[in-house]
Amino acid sequence: MELETGGSIWHAGMALTHHLLNHDSLVKDKVVVEIGAGCALPGIASGLLGAKVVVLTDMPEQVPHLQRNVDLNSKQCPSCEFICVPFMFGDSKDDLIAQLQERATLSMDVTKLSIDVILGCDVAYDVSLHEPIIYSVRSLLPPTSIALLVEEGAWDTEV
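This text gives an overview of the structure that appears in the document.

### Topic: the sheet that holds strand 3 (residues 81–86)
Here is step 1: The strand order 3-2-1-4-5 describes an open sheet built from 5 strands, whose pairing is parallel. In this open sheet, the two edge strands, each paired with only one partner strand, are strand 3 and strand 5 (146–150). When the angles between neighbouring strand axes are averaged without regard to direction, this sheet yields 15°.
Here is step 2: Bridge analysis of strand 1 (residues 31–35) against strand 4 (residues 117–121) gives 4 bridges, and the strand direction is parallel. From the neighbouring strand, Ile35 faces strand 4, where its bridge partner is Gly120.
Here is step 3: In the packing of helix 2 (residues 41–48) onto the sheet, contacts are made with strand 1, strand 2 (53–58), strand 3 and strand 4, and the angle to strand 2 comes to roughly 170°.
Here is step 4: Those strands touched by helix 4 (residues 93–103) are strand 1, strand 2 and strand 3, and its axis lies near 115° from that of strand 3.

Structural data, given as structure tokens:
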């Protein structure tokens, strides 16, 4: 796998990717959304492990970097469809669908998008993001799905 990071890969992204490598059934044949994807290591690994669709999201200015990493690696994942779109914490599933309709060339009807797995690494580093992240994850997550959110670092117990 080749990645353009624009910085470093955080430990949480490596830990989640390692977990997925050891539990590939979590993503195989699934629709995976990585929120706050950064360099998209866990999302791209999901494609390598057999996910059928991987939606990589981050702030609008990060989407070209996500796309570059998909371009560097997607040939190794011919059965996976990747799409990179902007999605901010606090956005809803309807916001994601609107972004997908505007940009996507997916083989599926995005209005009927059923997400199986949500991935997120080191996305809750700022306390002010906690409520928007919870809102977004709840909006995206059907009852039969899972969210794997990995954080590193100390937490302020006075929050």
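Text resumes after the structure shown.
### Some points on the pairing of strand 2
Here is step 1: For strand 2, a buried count of 6 out of 6 residues is recorded, marking the element as mostly surrounded by other parts of the structure.
Here is step 2: Side chains of strand 2 alternate between two faces, with Val53, Val55 and Thr57 and Val54, Leu56 and Asp58 buried alike.
Here is step 3: For strand 1 and strand 2, the ladder comprises 4 bridges, and the chain directions are parallel. Looking across to strand 2, one finds that Val33 is bridged to Val55.
Here is step 4: The parallel pair strand 1 and strand 2, bridged by helix 2, forms a crossover whose chirality is right-handed.

Calculation notes
Along every chain, residues carry numbers that run from 1 in the direction the sequence is written. Confidence filtering applies because this is a predicted model: local features only for residues at pLDDT of at least 70, side-chain atom pairs given and counted only at 80 or more, and all residues used for totals across whole chains, interfaces and linings. Where side-chain values are given, they derive from all heavy atoms of the structure, hydrogens and water being excluded. Note: two strands are recorded as paired if DSSP finds a minimum of 2 bridges between them. Each helix is a run of DSSP H or I of at least 4 residues and each strand a run of E of at least 2, with the numbering of both proceeding from the N terminus. The axes used here are C-alpha line fits, helices contributing only the stretch in contact, and every angle between their N-to-C directions lies in the interval 0 to 180 degrees. Contacts are assigned to residue pairs that have any heavy atoms within 4.5 Å of one another. Buried means the residue's accessible area, taken with a 1.4 Å probe over protein chains only, is under 20% of the maximum for its type, while exposed means over 50%, and partly exposed covers the values in between. Crossovers are described as right-handed under a simple rule: with the strands pointing away from the observer, the path leading from the first strand over the helix to the second runs clockwise.

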